[in-house]
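Examining the three-dimensional arrangement
Now for the letters of each chain:
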Amino acid sequence: MTNELTNLGVKAIRDGVASGTFTAREVAEAFNAAVADAASLNAFIVTTPDHALAAADSVDAARARGEALGTMAGVPIGMKDLFATHGVQTTAASHILEGFKPQYESTVSQNLWDAGAGMLGKLNLDQFAMGSSNETSYFGNVISPWKKAGSNAAMSPGGSSGGSSTAVAARIAPAATGTDTGGSIRQPAAFTGICGIKPTYGRCSRWGVVAFASSLDQAGPMARSVEDCAIMLEAMAGFDPKDATSLDLPVPGWEAALSADLRGKKVGIPREYRMDGTDEEILASWEQGKAWLRDAGAEIVDVSLPHTKYALPAYYIVAPAEASSNLARYDGVRYGLRDLPDGAGLQDMYAATREAGLGDEVKRRILMGTYVLSAGFYDAYYTQAQKVRTLVSRDFTEAFAQCDVILAPTTPTASFPLGDKTDDPLAMYLNDVFAVPASLAGLPAMSVPALLNSDGLPLGLQLVGKAFDEQSVLDAGLAIQQRAGFVAKPEKWW
Amino acid sequence: MTESTYRIHGATGEWEVVIGLEVHAQVTSNAKLFSGASTAFGSEPNCNVSLVDAAMPGMLPVPNRECIRQAVRTGMAIEAQINRWSRFDRKNYFYADLPQGYQISQLYHPLVGEGSLTIEADEKAGIPEDKVIGIERIHVEQDAGKLMHDQHPTMSYVDLNRCGVALMEIVSRPDMRSPAEAGAYVRKLRTILRYVGSCDGNMEEGSMRADVNVSVRKPGEEFGTRTETKNVNSVRFVMQVIEYEANRQVELIESGGTVVQETRLFDVASGTTRSMRSKEDAHDYRYFPDPDLLPLELEDSFLDECRASLPELPDAKRARYEVDLGLTEYNARELTAEVETFARFETLLAATAKAIGKAERDVATPVANWSLSVAPGVIKSLGDEADPANATAAAQASILAMADKGEISGGQAKEIYELVLRTGRDPQEIADTEGLKQVSDTGAIEAAIDTIIAANTDKVEEYRSGKDKLFGFFVGQTMKAMQGKANPGVVNELLKDKLG
């Protein structure tokens, strides 16, 4: 029974609890056990079995009273440790926040609890969401449940939402929250054979989410099906007056409107995404994706996104610039780590605290960001990058005059062994080359699993939609899901 | 325009002083600029601090509309350009009183652009004519917290109550040429802010502070290098800083040195300034647009409301007092200098005009004299015996109405007001029961005059034969007989009749 329950997704659990097939408590207990059994994956920084049980009991009690249940009722999820959770340690996977327990709950997590979800624990991630392999966490690497055929090497679950992708792929959580600044939902989803959607910038409140790059950060769900993503995104999204960049729009009924019938729809294929060095198998999966969507009734059209090659460099100016400022608050004065050497003054305390508290990748980005904003360099870097950002957005606007949704690979390669790229930050950054343009433009984008490559590793396909049109993205994702029939799952070795 | 003649007399000749001021004015609002926390002054340390103010992880700023409104109204009051599109920038630096590690301010696109205010001519202060002082911009920004260094032998304490409170930074052009002009500018700005209600102007509590930019030059030459003295919190200190800095710079230059661009601090005790940091150690603030906030776009309806809610401003009010109410220049200036003064005056004026049944213009001068000299004189003479609660407009209007009708004399008016202030009794009732009324009853006065004429036939003869000076004698005798309560006008008239 336990094994059966942990194979269920969001919709199946919700519907099963609602119909009385099983209780929410049974579900929570099954996942708590799976989490406890999977410590070697290092997906969680802290586990919160009591939270999951309490939420489940509350749902079971509500059902017993005949009350209407929430859209996530009885579903225990993993919470990326970038979301502030009341009374539960929130670290952003950084030593500088170790032991920090917020006296507040992020809007997104509160929305999920209000919809009846419970929390299995706080998921590991790249430190401050900076990384593409989940190797920058102060709390250790997350290990992907997948193995490359013929190898026992520990594989990367992608990043920064690597704890989320591992937990969902390994069936130790039916779904998890992620955040995506430049691909941090989509890339790990692609690496682990699951779905993940980053909605339009402003759909999900950033209030209570530890900030990386404010103009790019956006929360979204990671789950094993398009339907599950639609359900969970509906619960997460919504206008929040506490976030000045939040979209003051009603949340559409994405789940109810889901349709894999793409007749009359046009799918754009951006020619500039055909880059040198892209894995042949990735290109083949892209061709396969086109065929699936054509089969669903869509017309395939060529589109151009001419500034694509400038997107990644621009991203690596804008995001570190914002991060260098956003992370200034971790100074040892009010909360978190404080390193005060004997006889030290304020400046010494800052230096010692941040030296000890922040990881190398975080420091690298703070330095880059500080540099590009400094006097004499601002115009050459930051101003130029903002111009590129505007051009990238305009590319999409023009492309969407000819199509409803864009299809592209999510990543240029499949997952790689941990340690493979740690000495080469640029190679690591290139992982997000297909993900970053949609982030710069603030557009909804999703990764859905397509197939396994010759190494037995999952490959994802990316769908990018017009602003506010998550529905087209989800619909196209559903069309691919139905045709790909991706049922592969990692064999349990942990 | 006649330029200021204020000069520093150096060994090499005369030097002109060039002054620009950046005034930080705390916006009057219940809540801070980007958080819901209270702005109350004087609370226990760290009681008015929200999660946003403390820069907890994941906290976000949300602009307080009222703060924006007050800054826009202030801009309108100095006839400045209001920028319908403005944006907040982050000014990045580390300090313990700045939890975010950056101050949210406006560098590139301020809310308010070019405007001006006029300082009035003041011969005695060396301001020969009214002078227009340019204002470059007003932007809105967050205040920082406060460090306390005297609470612990080795540690400093941080109080974040003030952190995040909205400030307007009002930046003047370098248009001032003397300490007096700078003083007049700060006073005028303070008056305007208080009229508008956008800042309480309370310099002791730090609601208004000035950064004073001073340079010197030989008249007619290019601007010299300026120094900036930070956080000066009174008009007198602003003037002291300018005088000290100007003299220091002249001495420095004349002894072969050069003025360096630097930030200086004012030492109140010694009245001097000292270097805080030079341009070389200046922070690189790495300003960039705050990505947590969208640009501020102001709509017509918002601007209309801001404009409609502006009160009559000091210059307009003063002109109206002179032209429409017929007040002297002195009275008009004195009455319009402070919000409380004109508010009291206008209330009393309306009440008095109504009590008498005349137009405001026809009673404005006695009401002005009463407000500026008579009433304050009475209050001062009573000291603690006066209960301010008794100084109602109704009571004062009643006294002024009795005086207007000739029922009481000026002296009686003061006596009645004294009793009003002491006891809160009704002025009319006091006049009636205390015998504080002039007698205008011609019968009684005639009877008294008849008696006096009968008793002084010799003097009557002398008067009639041309000794006019004796008229005063008869007035005095009559007033004495009437125990000083006769209406002098009636006495004069009757005496003239009877003496022929």
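All values reported here derive from a predicted model rather than from experimental measurement.

**Examining the overall build of chain B**
Along chain B, the regular secondary structure elements total 15 helices and 16 strands. Here the C-alpha coordinates of chain B stretch approximately 100 × 60 × 55 Å along the principal axes. Looking at chain B as a whole, 50% of its 500 residues qualify as buried. Sequence separation of 24 or more characterises 69% of the internal contacts of chain B that already satisfy a separation of 6 or more.

**Remarks on the UniProt feature "active site" (unreviewed entry) in chain A**
Residues and elements named next belong to chain A. Feature annotation in UniProt assigns "active site" (unreviewed entry) to the following positions: K80, S160 and S184. A compact arrangement is adopted by the annotated residues: their sequence extent is 105 residues, whereas the largest C-alpha distance between any two is 11.3 Å. Position of K80 relative to the elements: it lies in strand β2 (residues 76-80). Polar contacts involving the side chain of K80 include one to the side chain of S160, which spans 2.8 Å. Taking the relative accessible area as the measure of exposure, S160 reaches 0% and is therefore buried. Those residues in contact with S160 that lie beyond four places of it in its chain are K80, N124, L125, D126, A129, M130, G131, N134, T179 and S184.

**Some thoughts on the domain arrangement of chain B**
Taken as a whole, chain B is organised into domain 1 (21-214 + 280-305), domain 2 (314-433) and domain 3 (442-499). The C-alpha centroid of domain 3 of chain B is placed 33 Å from the C-alpha centroid of domain 2 of chain B.

**Points about a negative patch on the surface**
On the surface, D122, E123, E129 and D130 of chain B cluster together into a patch of negative charge. Relative to the assigned elements, E129 of chain B resides in the loop between β6 (115-119) and β7 (131-142).

**Here we look at the nonpolar core**
Membership of the largest hydrophobic core comes to 170 residues, with the highest contact counts inside it found for M72, I77, L112, F128 and L293 of chain A. The element contributing the most residues to this core is helix α11 (residues 308-326) of chain A, with 10 residues. With near-sequence residues (within four places) excluded, L112 of chain A lies in contact with M72, I77, M79, A117, T177, M232, A235 and M236 of chain A. Counting residues in each nonpolar core, the second largest holds 104 residues, with L310, L325, V420 and L421 of chain B among its members.

**Quick look at the interface of chain B and chain A**
Counting residues at the interface gives 33 residues for chain B and 39 residues for chain A. In this assembly, chain B packs against chain A so that about 2,900 Å² is buried in total across both faces, 62% of it on carbon and sulfur atoms. With its nearest N and O atoms 3.0 Å apart, the salt bridge here joins D292 of chain B to R206 of chain A. Where the side of chain B that touches chain A is concerned, the elements lending two or more residues are β4 (89-92) and β15 (288-289) of chain B.

**Details of the pattern of salt bridges**
Charged atoms that come close allow side chains of opposite charge to pair. Applying the stated criterion to the full structure yields 61 salt bridges over all chains. With its nearest N and O atoms 3.1 Å apart, the salt bridge here joins R203 of chain A to E470 of chain A. Taken together, the residues R203 of chain A in the loop between β5 (195-198) and β6 (218-223) and E470 of chain A in helix α17 (residues 470-484) connect sequence positions 267 residues apart. Neither R203 of chain A nor E470 of chain A differs from the other in exposure class; each is buried. One salt bridge in this structure joins D432 of chain B and K437 of chain B, with 3.0 Å as the shortest N-O distance. Salt bridges sharing partners connect three or more residues here, namely R206 and D243 of chain A together with R90, D290 and D292 of chain B.

**Describing the UniProt feature "domain: Amidase" (unreviewed entry) in chain A**
Within this numbering scheme, the UniProt entry marks residues 29-474 of chain A as carrying the feature "domain: Amidase" (unreviewed entry). Taken as a whole, residues 29-474 of chain A contains 36% helix and 14% strand, while its terminal C-alpha atoms sit 31 Å from one another.

**Here's the deal with the packing of aromatic side chains**
Residues and elements named next belong to chain A. Enumeration over the complete set of coordinates arrives at 28 aromatic pairs over all chains. Ring plane angle 65° and centroid distance 5.9 Å describe the contact between Y104 and W207, whose orientation is recorded as edge-to-face. A residue pair is termed long-range when its members are at least 10 positions apart, and Y104 in the loop between β2 and α5 (107-114) and W207 in the loop between β5 and β6 qualify at 103 residues. Of the two residues, Y104 and W207, both sit in the buried class. Relative to F434, the ring of Y273 has its centre 5.4 Å away and its plane inclined at 15°; by these criteria the two rings are stacked. Here F434 lies in the loop between α15 (425-430) and α16 (436-441) and Y273 lies in the loop between β7 (266-270) and α10 (280-295), a separation of 161 residues in the sequence.

**Quick notes on the side chain of S225 of chain A**
Residues and elements named next belong to chain A. Mapped onto the elements of the fold, S225 is located in the loop between β6 and α8 (226-236). A relative accessible area of 13% means that S225 is categorised as buried. For S225, the side chain forms a polar contact with the main-chain nitrogen of D228, separated by 3.0 Å. S225 has contacts with C195 and Q481, leaving out every residue within four places of it along the chain.

**Some remarks on the pairing of strand β3 (residues 118-123) of chain A**
Residues and elements named next belong to chain A. Here β3 lies mainly inside the structure; 6 of its 6 residues are buried. Examined bridge by bridge, strand β1 (residues 44-47) and β3 share 3 bridges and lie antiparallel to one another. Following the sheet pairing, F44 is matched in β3 by L123. Pairing of β2 with β3 involves 5 bridges; the strand directions are parallel. Bridging from a neighbouring strand, P76 pairs with G118 of β3. Considered for its hand, the β-α-β crossover made up of β2, α5 and β3 is right-handed.

**With respect to the sheet that holds β4 of chain B**
Taking strand neighbours across the sheet as the criterion, the 3 strands line up as β5-β4-β15 (chain B) in an open arrangement whose pairing is antiparallel. Unpaired on one side and paired on the other, β5 (102-105) and β15 of chain B mark the two borders of the sheet. Relative to β15 of chain B, β4 of chain B runs antiparallel, the two being bridged by 2 bridges. The partner of D89 of chain B across the bridge, within β15 of chain B, is P289 of chain B. Contacts from α11 of chain A reach β4, β5 and β15 of chain B, with the element oriented near 60° to β4 of chain B.

**Here's the deal with a nonpolar patch on the surface**
Residues L340 of chain A together with M155 and Y157 of chain B make up a contiguous nonpolar surface patch of roughly 250 Å² in combined accessible area. Structurally, M155 of chain B is set in the loop between β8 (146-148) and β9 (157-159).

**Some words on the packing of helix α2 (residues 179-196) of chain B against helix α5 (residues 314-323) of chain B**
Residues and elements named next belong to chain B. Between α2 and α5, the shortest axis-to-axis distance is 10 Å and the interhelical angle comes to 90°. What the angle tells us is that α2 and α5 run roughly perpendicular. In this structure, α2 uses K188, T191, I192 and Y195 to contact α5, whose residues at the interface are P314, D315 and K317. Here the residues of the contact of α2 with α5 sort into 3 nonpolar, 1 polar and 3 charged.

**Description of the UniProt feature "domain: Asn/Gln amidotransferase" (unreviewed entry) in chain B**
When the UniProt feature table is mapped onto this chain numbering, "domain: Asn/Gln amidotransferase" (unreviewed entry) sits at residues 347-499 of chain B. Summarising residues 347-499 of chain B: 73% helix, 0% strand, and an end-to-end C-alpha distance of 46 Å.

**Here's the deal with the environment of T28 of chain B**
Residue and element names in this part refer to chain B. Following the sequence through the fold, T28 ends up in the loop between β2 (13-26) and α1 (65-77). Look at T28 and you get partly exposed, because its relative accessible area is 37%. Taking the C-alpha atoms as reference points, T28 and A166, separated by 138 residues in sequence, lie 8.3 Å from one another. Each residue touching T28, except ones within four places of it in the same chain, is listed here: Q70, G197, S198, C199 and D200. Of note is the side chain of T28, whose polar atom sits 3.3 Å from the backbone nitrogen of C199.

Calculation criteria
Residues numbered from 1 in each chain as written. Chains lettered and ligands numbered in written order. Predicted model: local features only at pLDDT ≥ 70, side-chain atom pairs only at ≥ 80, totals over all residues. Heavy atoms only, no water. Helix = DSSP H or I, 4+ residues; strand = E, 2+ residues; numbered from the N terminus. Buried < 20%, exposed > 50% of the residue type's maximum accessible area, 1.4 Å probe, protein only. Contact = heavy atoms within 4.5 Å. UniProt positions renumbered as here; feature names shortened; annotations may be inferred. Polar contact = N/O pair within 3.5 Å; in protein donor to acceptor, adjacent residues only side chain to side chain. Domains from an automatic or database assignment. Patch = residues over 30% accessible without salt bridge, like charges linked within 9 Å, V, L, I, M, F, W, Y side chains within 5 Å. Areas by Shrake-Rupley, 256 points an atom, 1.4 Å probe, with all protein chains shown as cover. Salt bridge = Lys/Arg side-chain N within 4 Å of Asp/Glu carboxyl O. Lys, Arg positive; Asp, Glu negative; His and termini not counted. Charge placed at Lys NZ, Arg CZ, Asp CG, Glu CD. Core = buried A, V, L, I, M, F, W, Y, C linked by side-chain atoms within 4.5 Å. Buried area = accessible area lost by both parts, 1.4 Å probe. Phe/Tyr/Trp six-rings, centres within 6.5 Å; stacked < 30°, edge-to-face > 60°. Pairing = 2+ DSSP bridges. Right-handed = clockwise from strand over helix to strand, strands pointing away. Axes fitted to C-alpha atoms, helices over the stretch in contact; angles between N-to-C directions. Parallel < 35°, antiparallel > 145°, perpendicular 65-115°, else oblique. Nonpolar A, V, L, I, M, F, W, Y, C, P; charged D, E, K, R; others polar.

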